[in-house]
Amino acid sequence: MTPITRAEPIAAEEAAVPFDAAKVKACFPIFFDNALTRKLSYLDNAATSQKPLSVLQAMDNAVRSYCSPVHRGFYPIAEQSTQRYEQARQTLTDFISAKTSASIIFNASATDGINQIAKGFLLPRLSAGQNVWVTRMEHHANYLPWLFVCDKAGANLRIIELSDNGELDIDGAHGLFADNTAMIALSHTSNVLGTNNDVYALCKKAREHDIPILIDAAQAMVTHSLDVESLSCDFLVFSAHKMFGPTGIGLLYIAPHRLGDVQPLRLGGGMVDFTADTFAQTIWSEPPYCFEAGSPNLAGAIGFAAACEFVNAIGQHQAKQYISSLALQLYQALLDFDRVKLLTPLKHVSSGIISFYHDDIHAHDLAHIMGDAGVAVRAGHHCAQPLLAHFNVNSTVRASISVYNTPEDIVALITALRHAQTVFA
Ligand SMILES: Cc1ncc(COP(=O)(O)O)c(C=O)c1O
């Protein structure tokens, strides 16, 4: 690999064809910023990703050059901010191949979107005794909202368990597509195991049985090009910050045929055509506006769209191939450690998410030692306690790889792990 010599980040397009890891890394100013970050092996990408210069510049430009209220002003820069915000929505519409931008709702995060659907779609139609299905590998964001609505309605939260190979045991989920299933919600990619679920097959089956299905794509967007029309899901969520965009903004996709079935949860400015002294007189604005109460997040939406453009420029297929190659390097190196147990199935390393624990060293201690060596990993339950309970562990170390990582980052992690073993010997 060519060593990174440039401190000046460059355009993603220049970096991507063919994939040049050094040039891709050079798109991210953080790796050139100061002594600490220049040497950083950032392997915590499943938690949040770093931001390329193109995203930072787009956001800076929005705030610096046309900062003004979206959908609320009649002067030129206000019209510009409205137009740019709606352009960003169109970029997101194209990014997931949605039919209409009415389906694209900007909100705070994937978490926000799941809460909206659990409480604004499912709860009003959920009856006692019905089943809501999730999987054993869900993040709390795609678990607690369903647990909450089941508890409120007297419904049952049912769980698709795992097979020994770390994949979903769909055949063992008896009654998954039965008449009393009110909803299915599952992640595209597990944030702990890295397992990629066959969401296309599950959505197809759910559609055949007319069961609403939500896909949590929070961990999928860098390495998978998702087309919601052929996926035929009812709902899909993801967050910008895990795909090189800013924190504080996410996307909720609502399929066109479901747009009239979801009650807005956040009420306030910009989401009604009319209101007066009684609630009954209130007329919601058309989607997506009825779901975006409050002042829109202009810089967030602009940064989100720039992140999509960055991902497109790199190419999700190329990103996946590169990330896979590094993940395999890490996986194989970890196999040499007798006391290390891997949770990630080898077949799913392409997600770049590798979770493991050490028989003798607590995950937090490992993460501390790695952190001192300049290797950023996550340690803990990863907001997936039902999954960790299944494996009978309280915490794991999770290394998650992205497009700007290098083979040197993998070596740095392995060196730190060896060092940890000498410290705890
Ligand atoms: C699979 C999955 N779903 C949902 C979330 C929640 O994302 P956010 O915190 O951006 O709402 C995460 C975050 O780690 C995740 O990994």
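Note that this is a predicted model, so its numbers are computed, not measured.

## Overview of the packing of helix 5 (residues 76–95) against helix 10 (residues 298–314)
- At their nearest, the axes of helix 5 and helix 10 sit 9 Å apart, and the two run at 35 degrees to each other. Regarding helix 5 and helix 10, the two cross each other, and that crossing is left-handed. In this structure, helix 5 contributes Ser81, Arg84, Tyr85, Ala88, Thr91, Leu92 and Phe95 to the contact, and helix 10 contributes Leu298, Ala301, Ile302, Phe304, Ala305, Cys308, Glu309, Val311 and Asn312.
- A class-by-class count of the residues in the contact of helix 5 with helix 10 yields 11 nonpolar, 3 polar and 2 charged.

## Points about the UniProt feature "domain: Aminotransferase class V" (unreviewed entry) in the protein
- Following the UniProt record, the feature "domain: Aminotransferase class V" (unreviewed entry) maps to residues 42–413 here.
- End-to-end, the C-alpha atoms of residues 42–413 are 10 Å apart, and along that stretch the chain is 35% helix and 16% strand.

## Re the site of the ligand
- All residues adjacent to the ligand are Ser109, Ala110, Thr111, His139, Ala141, Asn191, Asp216, Ala218, Gln219, Ser239, His241 and Lys242.
- Within the contact set of the ligand, an oxygen atom lies 3.5 Å away from a backbone nitrogen or oxygen of Ala110.
- For the ligand, an oxygen atom lies 3.3 Å from a polar atom in the side chain of His139.
- Across the complex, the protein chains shield 88% of the 390 Å² of accessible surface that the ligand would expose by itself.
- Residue composition of the shell around the ligand, grouped by class: 3 nonpolar, 7 polar and 2 charged.

## Structural notes on the nonpolar core
- Counting residues in each nonpolar core, the largest one holds 114 residues, and the members touching the most others are Ile96, Leu236, Phe238, Met243, Tyr253 and Leu413.
- At 12 residues, the largest contribution of residues to this core is made by helix 10.
- A domain-level breakdown of this core finds at least three residues from each of domain 1 (12–50 + 315–423) and domain 2 (57–312).
- The residues touching Leu236, leaving out its near neighbours within four places in the chain, are Ile96, Ile215, Ala217, Leu226, Val228, Leu231, Leu251, Leu252 and Tyr253.
- Listed in part, the 33 residues of the second largest apolar core include Ala110, Leu122, Leu126 and Ala218.

## With respect to the pairing of strand 2 (residues 104–107)
- Going residue by residue along strand 2, you find Ile104 and Phe106 tucked away on one face and Ile105 and Asn107 tucked away on the opposite face as well.
- In terms of strand pairing, strand 2 meets strand 8 (residues 250–254) through 4 bridges, oriented antiparallel. Following the sheet pairing, Phe106 is matched in strand 8 by Leu251.

## Some thoughts on a nonpolar patch on the surface
- On the surface, a nonpolar cluster with roughly 340 Å² of combined accessible area is contributed by Leu267, Phe279 and Trp284.
- Here Leu267 shows up in the loop between strand 8 and strand 9 (272–274).

## A few points about the sheet that holds strand 7 (residues 235–239)
- Strands sit in the order 2-8-7-6-5-3-4 across an open sheet of 7 strands; the sheet is mixed. Both edges of this open sheet fall to strand 2 and strand 4 (156–160), since each of them pairs with a single strand only. For this sheet, the mean inter-axis angle between neighbouring strands, taken without regard to orientation, is 20 degrees.
- Pairing of strand 3 (residues 131–135) with strand 4 involves 5 bridges; the strand directions are parallel.

## Quick word on the pattern of salt bridges
- Overall, the coordinates contain 12 salt bridges when judged by the stated rule.
- A salt bridge links Lys347 to Glu167; the nearest nitrogen and oxygen atoms lie 2.8 Å apart. Of the two residues, Lys347 sits in the loop between strand 11 (340–342) and strand 12 (353–358) while Glu167 sits in the loop between strand 4 and strand 5 (181–187), which places them 180 residues apart along the sequence.
- Across the pair Asp359 and Lys341 runs a salt bridge whose closest N-O atoms are separated by 2.5 Å. One end of the pair, Asp359, is in the loop between strand 12 and helix 12 (363–372); the other, Lys341, is in strand 11, with 18 residues separating them in the sequence.
- Classification of Asp359 as partly exposed rests on a relative accessible area of 35%.
- It is possible to trace a salt-bridge network through shared partners that takes in Arg339, Lys341, Asp359 and Asp360.

## Digging into the sheet that holds strand 14 (residues 378–380)
- What the 4 strands build is an open sheet, ordered 11-12-15-14; its pairing is antiparallel. Looking at which strands have only one partner, the edges of the open sheet turn out to be strand 11 and strand 14. The average undirected angle you get between the axes of adjacent strands in this sheet is 30 degrees.
- With 3 bridges connecting them, strand 11 and strand 12 associate as antiparallel partners. Counted as the bridge partner of Val340 is His358 from strand 12.
- Sitting on the sheet, helix 12 is in contact with strand 12, strand 14 and strand 15 (396–400), with an inclination near 160 degrees to strand 14.

## Looking at the side chain of Ser350
- Note on placement: Ser350 falls in the loop between strand 11 and strand 12.
- Setting aside chain neighbours within four positions, we find Ser350 in contact with Asn196, Thr223, Lys320, Ile323 and Ser324.

## What about the environment of Ala376?
- Tracing the sequence through the fold places Ala376 in strand 13 (residues 375–376).
- On a C-alpha basis, the gap between Ala376 and Thr100 in space is 39 Å, while along the polypeptide they are 276 residues apart.

Conventions we followed
- Residues numbered from 1 in each chain as written.
- Predicted model: local features only at pLDDT ≥ 70, side-chain atom pairs only at ≥ 80, totals over all residues.
- Heavy atoms only, no water.
- Axes fitted to C-alpha atoms, helices over the stretch in contact; angles between N-to-C directions.
- Helix = DSSP H or I, 4+ residues; strand = E, 2+ residues; numbered from the N terminus.
- Left-handed = near helix turned anticlockwise from the far one by under 90°.
- Contact = heavy atoms within 4.5 Å.
- Nonpolar A, V, L, I, M, F, W, Y, C, P; charged D, E, K, R; others polar.
- UniProt positions renumbered as here; feature names shortened; annotations may be inferred.
- Near = heavy atom within 4 Å.
- Polar contact = N/O pair within 3.5 Å; in protein donor to acceptor, adjacent residues only side chain to side chain.
- Areas by Shrake-Rupley, 256 points an atom, 1.4 Å probe, with all protein chains shown as cover.
- Core = buried A, V, L, I, M, F, W, Y, C linked by side-chain atoms within 4.5 Å.
- Buried < 20%, exposed > 50% of the residue type's maximum accessible area, 1.4 Å probe, protein only.
- Domains from an automatic or database assignment.
- Pairing = 2+ DSSP bridges.
- Patch = residues over 30% accessible without salt bridge, like charges linked within 9 Å, V, L, I, M, F, W, Y side chains within 5 Å.
- Salt bridge = Lys/Arg side-chain N within 4 Å of Asp/Glu carboxyl O.

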